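Remarks on the overall topology
Take a look at the letters that make up each chain.
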Amino acid sequence: MSDNRQPKTAATGASLQSVDTRKQLSAWAANHQLVAVETLIRLLANPLGSLLTWMVIAIALTLPGALWMALDNMEQLSGRFQESGRITLYLLPGTEVEQAQQLERRIQTLDSVSSTELIDADMALDDFRANSGLQAALEFLPENPLPSVILVEPPLGVSQQQLSVLVGKLQNYQLVDSVQLDMAWVERLLAMLALAERLIWVLGLLLALAILLVVGNTIRLAIAARVDEIRVVKLVGGTNAWVRRPFLYTGLWYGMVGGLLAWLMLIICWLLLNGPVSNLADLYGSGFELKPLSATAALSLLLSAMLLGWLGAWWSVSRHLDQIEP
Amino acid sequence: MSTGNPMVRFDRVSKRYPGGKEALSGVSFELDRGEFAFLTGHSGAGKSTLLKLMMQMEHPSRGQVFVDGLNLGKLRAGQVPYLRRKIGVVFQNHQLLFDRSVYDNIALPLQIAGYTPAEAGRRVRAALDSVGLLGMEKRNPIELSGGEQQRVGIARAVVNKPPLLLADEPTGNLDPELSAEIMNLFMRFQQVGVTVLIATHDIALVERLGHRRLILDHGQLHEDALIAGGQYV
Ligand SMILES: Nc1ncnc2c1ncn2[C@@H]1O[C@H](COP(=O)(O)OP(=O)(O)OP(=O)(O)O)[C@@H](O)[C@H]1O
Ligand SMILES: [Mg+2]
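Residues numbered from 1 in each chain as written. Chains lettered and ligands numbered in written order. Predicted model: local features only at pLDDT ≥ 70, side-chain atom pairs only at ≥ 80, totals over all residues. Heavy atoms only, no water.

**Concerning a nonpolar patch on the surface**
Residues L48(A), L51(A), M55(A) and I59(A) make up a contiguous nonpolar surface patch of about 380 Å² in total accessible area. Its place among the elements puts M55(A) in helix α2 (residues 47–82). (Patch = residues over 30% accessible without salt bridge, like charges linked within 9 Å, V, L, I, M, F, W, Y side chains within 5 Å. Areas by Shrake-Rupley, 256 points an atom, 1.4 Å probe, with all protein chains shown as cover. Salt bridge = Lys/Arg side-chain N within 4 Å of Asp/Glu carboxyl O. Helix = DSSP H or I, 4+ residues; strand = E, 2+ residues; numbered from the N terminus.)

Shown next as structure tokens:
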């Protein structure tokens, strides 16, 4: 209840806070709520005025979002290819068959090896004779030029890391001349995907900067339109936090609406591409399906949009608000 | 005369605007709690400057200003809003906001100070009553006459019951009758204990009302000791 205090005519000392702290805290929370709702209503009441800002934010988010979605799917795809990895070991020339068989048995005991096959030099030469048609020419060779080969099949679903550990081990055997990973192209693909991911990050950072600038500029205009109000508020004892608050919430809402629009656009992208992609996959006999943006990814998209809107507003407010004095 | 804890104290205050001449030179005076005084002087004498120094809208080049025991020179930037909540100000260009109702204009200082809507409502109506505008709270200030707008400005200045009330030419372009009415209003606030300082050109009115007078002349303060009430001799 109010006590309708009379103006303090007695000595009051140097205390500046007049309303007690608990009241002030709940008033503070109530004001946050009020400002949040008011600024949202203000934005939604004039959608045409904010549309441009919303669309810029949405597009700036959709672009990296779509690329990220594509990348995510490519990684899924490359994961499937990995299942067909196979390693070819070329042994040193002159390796005896017994030595090669011994090595094969040792390899079979290793982790990440599901099966092996030894093709010794003589067998290889027989094959070659039978298939190449160079039989006559081979008769002139003093000795067999072909190396013995061990084919190593890793189990399905082995990880890229396990695979490179295995290759490292195989390379260290003395009898081994060289190791060839049939996966090399998958590795290259993965490297390219990593590069693409890096590029998306860079692009994302640039577009985040663009969002900051766009929201900052929009807020600057909003501040300019409310200079009189800000002067009066400061004159009657409004703190900087109070003055800032509506603009920060406005930035937050800009980010939120922009983020929601971006989400919508990504869903539309997915709907447009999903049909053609699964048709294509069917033609190749693959069960591949385009994954939509995961809920976590969508949520972090939305949250980062809100954060960016808030930061843009903060940047603008801290640049312009202090200059407005009554 | 002095209680030792005046509401306002100026101690050899000078103010020089950047690139300008001295607007105030070596001004010293005290305003006791609950005192009522006029601030007069020619145009450009430094009246507005003196009021702005109390509001921390300007800062002295030399000397010290105390308001309610606070040394304004030692105030941190974050404390300035709390200083301003102790001071009600009325300007000639009443500085009302035309995008909201009379009620919302007057309630603004209360919202800022963290009053609940119910409490604020009571105080706004009390303030409107004291300036004779009860029933106008839903109007937009732009629909009101100059005198009515001025009174809305006064209601906003006193709604938070500040211990100090400053007015800069509050009767600037009002007719004599309305001016007298508004001065009466200020004197009623003094009667409930508010310290009041009014800058004005209206010498005739000042002489008729007979209160303490601070006279500024080219930035120098001459206190007028000859007051009709005879309190300050
Ligand atoms: N912001 C400013 N920058 C520079 N000089 C200023 C500024 N404000 C006021 N002055 C100068 O300071 C002096 C005092 O100005 P001030 O506004 O205090 O006078 P005043 O007594 O209020 O005059 P009036 O009765 O016309 O309102 C004047 O010479 C004025 O030109
Ligand atoms: Mg003036």
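**Some details on the site of ligand 1**
Residues and elements named next belong to chain B. Neighbouring residues of ligand 1: 13 residues in total, closest S43, G44, K47, S48 and T49. Within the side chain of T49, an N or O atom sits 2.5 Å from an oxygen atom of ligand 1. Side-chain polar atom of H201 to an oxygen atom of ligand 1: 3.1 Å apart, as the coordinates give it. Taking 630 Å² as the accessible area of ligand 1 by itself, protein coverage stands at 63%. Top element by residues in the shell around ligand 1 is helix α1 (residues 47–54). It accounts for 3 residues. Broken down by class, the residue content of the shell around ligand 1 amounts to 3 nonpolar, 7 polar and 3 charged. (Near = heavy atom within 4 Å. Polar contact = N/O pair within 3.5 Å; in protein donor to acceptor, adjacent residues only side chain to side chain. Nonpolar A, V, L, I, M, F, W, Y, C, P; charged D, E, K, R; others polar.)

**Remarks on the sheet that holds strand β4 (residues 62–67) of chain B**
Residue and element names in this part refer to chain B. In spatial order, the strands read β2-β1-β4-β5; together these 4 strands make up an open sheet with antiparallel pairing. The open sheet has two edge strands, β2 (22–31) and β5 (70–71), and neither has a second partner. Relative to β2, strand β1 (residues 8–16) runs antiparallel, the two being bridged by 6 bridges. Bridge pairing in β2 places K15 opposite L24. Together, β1, β2 and β4 form the strand contacts of α1, whose direction differs from that of β1 by roughly 120°. (Pairing = 2+ DSSP bridges. Contact = heavy atoms within 4.5 Å. Axes fitted to C-alpha atoms, helices over the stretch in contact; angles between N-to-C directions.)

**Side note on the environment of L53(B)**
Residue and element names in this part refer to chain B. Mapped onto the elements, L53 comes out in helix α1. C-alpha separation for the pair L53 and A157, spaced 104 residues apart in sequence, amounts to 17 Å. When neighbours within four sequence positions are excluded, L53 is seen to be in contact with F10, V13, K15, L24, E58, H59, P60, V65 and L72.

**Some words on the domain arrangement of chain A**
Here chain A is partitioned into domain 1 (27–80 + 188–320) and domain 2 (87–181). Spacing between the C-alpha centres of domain 1 of chain A and domain 2 of chain A amounts to 55 Å. (Domains from an automatic or database assignment.)

**Things to note about the UniProt feature "transmembrane region" (unreviewed entry) in chain A**
Per the UniProt annotation, the sites labelled "transmembrane region" (unreviewed entry) are residues 51–71, 199–223, 252–273 and 293–317 of chain A. In this annotation, residues 293–317 of chain A is assigned 92% helix and 0% strand; the end-to-end C-alpha distance for the span is 34 Å. (UniProt positions renumbered as here; feature names shortened; annotations may be inferred.)

**Brief notes about the pairing of strand β1 (residues 87–91) of chain A**
All names here are of chain A. Along β1, 4 of the 5 residues are buried, which leaves the element largely enclosed by surrounding structure. When β1 meets strand β3 (residues 149–153), the two strands line up antiparallel, connected through 4 bridges. Bridge pairing in β3 links I87 to V152. Where β1 lies against strand β4 (residues 176–181), 5 bridges are found, and the strand directions are antiparallel. In the strand pairing of β4, L91 is matched with V176. (Buried < 20%, exposed > 50% of the residue type's maximum accessible area, 1.4 Å probe, protein only.)

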